[in-house]
Amino acid sequence: MESKHMSAFALYQTVQLDLPPPVKKPFQRVQVEVKKKKKKVNGSAAANVNQTRAKRKKIRNKLVKAANKESKKAGSDITQQQEEKSVTGESLDALLTELTRVNNSRERASKLFQWLIKPVPAKYFFRETWEKKPVYVQRKNPDYYRGLFSTAEFDRILREENVQYGVNLDITSYVNGKRETHNPPGRALPFTVWDFYESGCSVRLLNPQAFSSTVWNVLSILQEQFGSMAGANVYLTPPGTQGFAPHYDDIEAFVVQLEGKKHWRVYNPRSKDEVLPVLSSPNFDQAEIGKPILDVVLEAGDLLFFPRGFIHQGNCLPDAHSLHITISSYQKNSWGDLLHKVIPAALEVAMEEDVAFRRGLPLDYLTYMGVQNSEKEDPRRVEFLARIEKLMKRLPNYAPVDAAVDQKAREFFHDCLPPVLTPDELATSVQGALTRWEDGNAKDVGVNITTQTCIKLLRAGCARLCSDGDAVHLCYTTDNSRVYHKEELKSFEIQTEHTDAVEFLIHSYPNFVTVGTLPCDSVQDKIALAELLFEKGIIHTSEPLQAPPTVQSH
């Protein structure tokens, strides 16, 4: 009888997981681990600085021994995986080049995200999987993610960049149920980092977008897909070792296997209270987490997604190292996080505008309310609680939801990476202006913007009008740092007479509009606003701008 091969999407569709009870028939698919943003561990960093190579090798021997058990179980999974159909796809370099020709940054984000999770349709993913269950995509194509990051790039970064232990890089191990961090102080140089690696320690590079242009490009595009910060960490694990204890994170995680392979196990949230948690968990013991719902080996070109709250752990098999990058998003981006901003503001407005919120509490309310009185059968308690409920029902009438959303937007804009400009955008924006020093003089100073100049935002989400109640500010991301929160939020006050014009420009995206169509009071205002936005790097023009003609003095 001829064996049937499952497509990657068909395989994906068979993974049906329920929360929070464990699945009755576990599916044997690869589980990948994702380590969200830097999670500091109180490891004895300084104590390990003077560790001898012999002692490190002793650690390695323990790690290898612990991994031998896992290799036998994982072997059957590998055999099954070899029977499944491969998924080919466009190379990352070719895709990024193609995306430079896409006029709309939101379309770029959609296309890049679809490539990330291929062959799973994006609409299906967000409807059936996002925040709901883990997904494993096996491709049988080790080159699928080639070009995103590599061990060679890792080595280059260590040699050329100022990578600091504990800030940009962590050295970790997980042996006999004990998770440790082994960070010495100072700069992480290849001599020491690779010695730790050879001794059996895992290496975690935090925020690789600060050092890798490709990772920066990918994340800066994807942040428009999520409407939330897209972050990443890179994990390099030696053969036969494990670097992290079982835990869950507070982000949606996409584990992208770049090199080698890794054995992963994913577990359901332990209770309803741990579904979509607000914070990441502490490290768990094996006895605390039950049986895995996914038990798989992730190989180069494969993808594992799991929502926040799903416990996970990954270990390397003895025959290969593992390099993966975890792309993450949606940290602190829930309805509850928004309500944290809405409710205090709503209460402040209600107390200003509604006398019912300003009336005094009953003189004797302390005698029947509070924990010590919570078991009392007292009609005054019933009346008091009914009054609270009545006021709570009136509170939405005063909720400044749009203002609260703008507060969330300001936080997002502070988190955002700056855009990586396409060649066309570079040539038509302030970053590519021809102004220069030449032959002892400044050449091509300024730009010649007229009412006929065609302009548009550099990205769909690169600028946003926000009000603090007293003034309107334009927040923007084009001047952000690649280093997370290295600088303050970029914003400046917009004059009241210019707000309509900025809104018009934002809502016109992705179309170019002429400066003359901006709804300002005068031609001078139109040109002045366009010049300001151009100088801030927020807009670009349809054609490269020329410097104004030089006035010759006689």
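Owing to the predicted nature of the structure, the values given are computational and were not obtained by experimental measurement.

Our focus in this paragraph is the pairing of strand β14 (residues 463-467). As paired elements, β14 and strand β15 (residues 472-476) share five bridges and run antiparallel to each other. Directly across from A463, in β15, lies its bridge partner Y476. The turn linking β14 back onto β15 is made up of four residues, and G469 within it adopts a positive phi angle of 100 degrees.

Another aspect to go through is helix α12 (residues 401-415). For α12, built from 15 residues, the straight-helix expectation of 21 Å at 1.5 Å per residue is met to within 8% by its first-to-last C-alpha distance of 21 Å. For α12, every residue scored as buried is listed here: A404, D406, K408, A409, F412 and F413. The secondary structure elements touched by the buried residues of α12 are α9 (213-226), α10 (335-353), β14 and β15.

Right, let's talk about the sheet that holds strand β13 (residues 454-457) for a bit. Strand order in the open sheet formed by three strands is β17-β13-β18, with antiparallel pairing between adjacent strands. The open sheet is flanked by β17 (513-514) and β18 (539-541), the only strands paired with a single partner. Sheet contacts for helix α14 (residues 499-508): β13, β17 and β18; angle to β13, the most-contacted strand, approximately 80 degrees.

Attention now goes to the pattern of salt bridges. Per the counting criterion, the structure on display carries 22 salt bridges. Residues R270 and E274 are paired through a salt bridge, measuring 2.6 Å at the closest nitrogen-oxygen approach. Residue classification places R270 among the partly exposed positions, given a relative accessible area of 38%. Residues participating in the shared-partner salt-bridge network are E153, R156, E160 and E161.

The next point concerns the confidence of the model for the protein. Per-residue confidence for the protein gives a mean pLDDT of 87; residues scoring 70 or more make up 83%. Low confidence marks residues 1-52, where pLDDT is under 50. Its contacts with residues over four positions away, or in another chain, come to 160 contacts. Counted against residues more than four places away or in other chains, residues 66-84, with its pLDDT under 50, gives 37 contacts.

Right, let's talk about the environment of A403 for a bit. Its place among the elements puts A403 in helix α12. With a relative accessible area of 35%, A403 lands in the partly exposed category. Taking the C-alpha atoms as reference points, A403 and D468, 65 residues apart in sequence, are found 7.8 Å from one another.

With that out of the way, let us pick up the pairing of strand β5 (residues 231-237). Burial analysis of β5 places seven of its seven residues in the buried class, which makes it a mostly covered element. Burial along β5 is two-sided: G231, N233, Y235 and T237 facing one way and A232, V234 and L236 facing the other are all buried. In this structure, strand β4 (residues 202-206) lies alongside β5, joined through four bridges in antiparallel fashion. Each residue of the ladder has a partner; that of L206, found in β5, is N233. In this structure, β5 lies alongside strand β10 (residues 322-329), joined through seven bridges in antiparallel fashion. The residue bridging Y235 from the neighbouring strand is H324, located in β10.

Calculation notes
In this convention, every chain numbers its residues from 1, walking through the sequence in written order. Selection of residues for local features in this predicted model requires a pLDDT of at least 70, selection of side-chain atom pairs for listing and counting requires 80 or more, and totals for whole chains, interfaces and linings are taken over all residues. Only hydrogens and water are set aside; all other atoms, that is, all heavy atoms of the structure, feed into the side-chain values. If DSSP finds at least two bridges between two strands, the strands pair. Only DSSP runs of H or I reaching four residues or more are called helices, and only runs of E reaching two or more are called strands; each is numbered from the N terminus. Expected span of a helix: the number of residues minus one, times 1.5 Å. The buried label applies to any residue whose accessible area, calculated with a 1.4 Å probe on protein chains only, is under 20% of its type's maximum; exposed applies above 50%, and partly exposed to all values in between. Between two residues, a contact is recorded if the distance between any of their heavy atoms is within 4.5 Å. Axis lines are fitted through C-alpha atoms, for helices just across the contact stretch, and the angle between N-to-C directions can take any value from 0 to 180 degrees. Salt bridges are defined by distance alone: a side-chain nitrogen of Lys or Arg within 4 Å of a carboxyl oxygen of Asp or Glu. Residue-level confidence of the predictor, termed pLDDT, takes values from 0 up to 100.

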